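Next come the chains, spelled out residue by residue.
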Amino acid sequence: PARLGRRRLWVALSVPVLLVGTWQAFMPPPEAGLAHAVFWLFVVTLGWTMAQTPYAAWGAELAPDYQGRTRVTAWRECVVLIGTLGATILYFQAGEGGQGLEALAWCVVIWLPVSVLLLTIGVPDRAPQKSTRLTFARGWQTLRENRPFMRLLGAWFVNGLANGIPVTLFLFFAQDRLGADDAAFDLGGTEIPAAAAFLLSYFFAAIVAMPVWGWLAGRIGKHRAWGAAMVWACCFFAFALTLGEGDVHAFLLVSILTGLAFGADLALPPAIQADVIELDRRRTGAARAGLFFAIWQVATKAALAFASGSALIILGWSGFNAGGENTAISLWTLSLLYAGAPIVLKLIAVALMWHFPLAREEVEDQIAPIPQV
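Residues numbered from 1 in each chain as written. Predicted model: local features only at pLDDT ≥ 70, side-chain atom pairs only at ≥ 80, totals over all residues. Heavy atoms only, no water.

S.K.: Can you help me understand the side chain of T22 in this one?
M.R.: Its location among the elements puts T22 in helix α1 (residues 8-26). A residue is classified by how much of its surface remains accessible, and T22, at 6% relative accessible area, is buried. At 2.7 Å, the side chain of T22 and the backbone oxygen of L18 are in polar contact. Beyond its immediate chain neighbours, meaning those up to four positions away, T22 contacts M27, V44, A105 and V108. (Helix = DSSP H or I, 4+ residues; strand = E, 2+ residues; numbered from the N terminus. Buried < 20%, exposed > 50% of the residue type's maximum accessible area, 1.4 Å probe, protein only. Polar contact = N/O pair within 3.5 Å; in protein donor to acceptor, adjacent residues only side chain to side chain. Contact = heavy atoms within 4.5 Å.)

This is how it looks when you write it as structure tokens:
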């Protein structure tokens, strides 16, 4: 443990990495090419990982009880969604392309240092009861012995695949399956491109639904509430399978209804993870949230990488031609990947989580509340 705190130190060190990386990636010089983009996006990702892993572990250590951990993650992810919504609006309002990215870069440069300063000053960084240096082998053994964690990690990875495929194929589905290239929605006299409207409605719905999922988690347990949200999303992904050319208004409705479930995907799994970590801390006396969330972040990135890579490869095999003429087979492949594959994957995740061994009663029986500092 350092004088600045085990978590806040790494978050603070990530700031210069993120600032330089974002500036170079979003506002490249005129002569920049592929190598410039690859290098500076790598730097941004490195800085983000430096911040995100200790930041997530920090949040898991703040609340003393089952529902308190849900509140911490729900508020945190709600603000993430508000930021995402704001960034989407700013990008389109600034003129898209280079102008949109420049506006976002300035936001990061101005607000990231301010927010990290507030974080380091205002949030306690609790010291562990004891500190043990772990080898890689011992760390992995610790994780494997924690069966609830491994089960949760499996469900998180599978659901990450389910969410990663539609993210990868969103623009293809909107433009080539629905023909939404030239479509727009009127919002108070301002015309918004269909793709922007789909994204804005999706994120806004997730923000609105976040308190509902938190309330439901307190009633039936976090794992069951998350399972219910995934089943909800499956119902409307099934409806998306029936959409075709010109169904932009129907897809806007799908975006809103699946967005409601996305709030649960963001808020509830990290809250369940926090319960698992607190149980481990109580049993061992060691604060190993960083270890747990490091593997969590690896699973998150691996799911997105595997989902995007496999989806694009399969779509390519079908003969899909983005922005060009496509056969019925290639368009149906697009629909099945975009809406069908997530249904199958989410149902697998539901099966893993529905009888999760750490329901509220088990957590409260095994973890006595501790006083807040």
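S.K.: Sorry if this is basic, but what is going on with helix α4 (residues 97-122) here?
M.R.: Since there are 3.6 residues in each turn of an α-helix, residues three or four apart along the chain are aligned in direction. Here α4 is 26 residues long and its end C-alpha atoms lie 37 Å apart, about the 38 Å a rise of 1.5 Å per residue gives. Along its length, α4 shows its largest kink, about 30°, at W111, and proline P113 lies within four residues downstream of that point. Three or more residues of α4 are buried, namely G100, A103, L104, A105, V116 and L119. (Expected span 1.5 Å × (residues − 1). Bend = angle between axes of the 7 residues up to and from the residue.)

S.K.: Just to check I follow, could you spell out the packing of helix α6 (residues 147-177) against helix α11 (residues 328-353) for this structure?
M.R.: A pair of packed helices is captured by two measures, namely the crossing angle of their axes and the spacing between those axes. Closest axis-to-axis distance for the α6/α11 pair is 8 Å, and the angle between their directions is 160°. With respect to α11, the axis of α6 lies roughly antiparallel. In the crossing of α6 with α11, the sense of the turn from one axis to the other is left-handed. Across the contact of α6 with α11, the residue classes tally to 24 nonpolar, 4 polar and 4 charged. (Axes fitted to C-alpha atoms, helices over the stretch in contact; angles between N-to-C directions. Parallel < 35°, antiparallel > 145°, perpendicular 65-115°, else oblique. Left-handed = near helix turned anticlockwise from the far one by under 90°. Nonpolar A, V, L, I, M, F, W, Y, C, P; charged D, E, K, R; others polar.)

S.K.: Would you explain the side chain of S318 in this entry?
M.R.: By secondary structure assignment, the location of S318 is in the loop between α10 (289-317) and α11. With a relative accessible area of 19%, S318 lands in the buried category. A distance of 2.6 Å separates a polar atom in the side chain of S318 from the backbone oxygen of L315. Ignoring anything within four residues of it in the chain, the contact list for S318 reads S330 and T333.

S.K.: Just to check I follow, could you spell out the environment of M27 for this structure?
M.R.: The topology assignment puts M27 in the loop between α1 and α2 (34-60). Overall, the relative accessible area of 22% leaves M27 in the partly exposed class. M27 has contacts with T22, E102, A105 and W106, leaving out every residue within four places of it along the chain.

S.K.: Hey, could you run me through the confidence of the model for the protein chain in this one?
M.R.: Do not read the predicted coordinates in detail wherever pLDDT is low. Summing up the model confidence of the protein chain, the mean pLDDT is 84 and the portion of residues at 70 or higher is 88%. A low-confidence stretch, residues 368-373 (pLDDT under 50), is modelled with 10 contacts involving residues beyond four sequence positions or located in other chains. (pLDDT = per-residue confidence, 0-100.)

S.K.: Mind showing me how you'd approach the packing of aromatic side chains here?
M.R.: Two numbers describe a pair of aromatic rings. These are the distance of the centres and the angle of the planes. All chains considered together, the criterion is met by 16 aromatic pairs. With a centroid separation of 5.0 Å and 90° between ring planes, the pair formed by W23 and W106 is classed as edge-to-face. Within this pair, whereas W23 is found in helix α1, its partner W106 is found in helix α4, the two being separated by 83 residues in sequence. With relative accessibility at 41%, the residue W106 sits in the partly exposed group. Ring geometry for F172 versus F320: centroids 5.5 Å apart, planes at 55°, classification tilted. Here F172 is found in helix α6, whereas its partner F320 is found in the loop between α10 and α11, with 148 residues between them in sequence. For F320, a relative accessible area of 14% translates into the label buried. Put simply, the rings of F170, F173, F198, F237, F251 and Y338 pair up and form one aromatic cluster. The ring of W332 has R177 lying over it, and the distance from NZ or CZ to the ring centre is 5.1 Å. (Phe/Tyr/Trp six-rings, centres within 6.5 Å; stacked < 30°, edge-to-face > 60°. Lys NZ or Arg CZ within 6 Å of the ring centre and 35° of its normal.)

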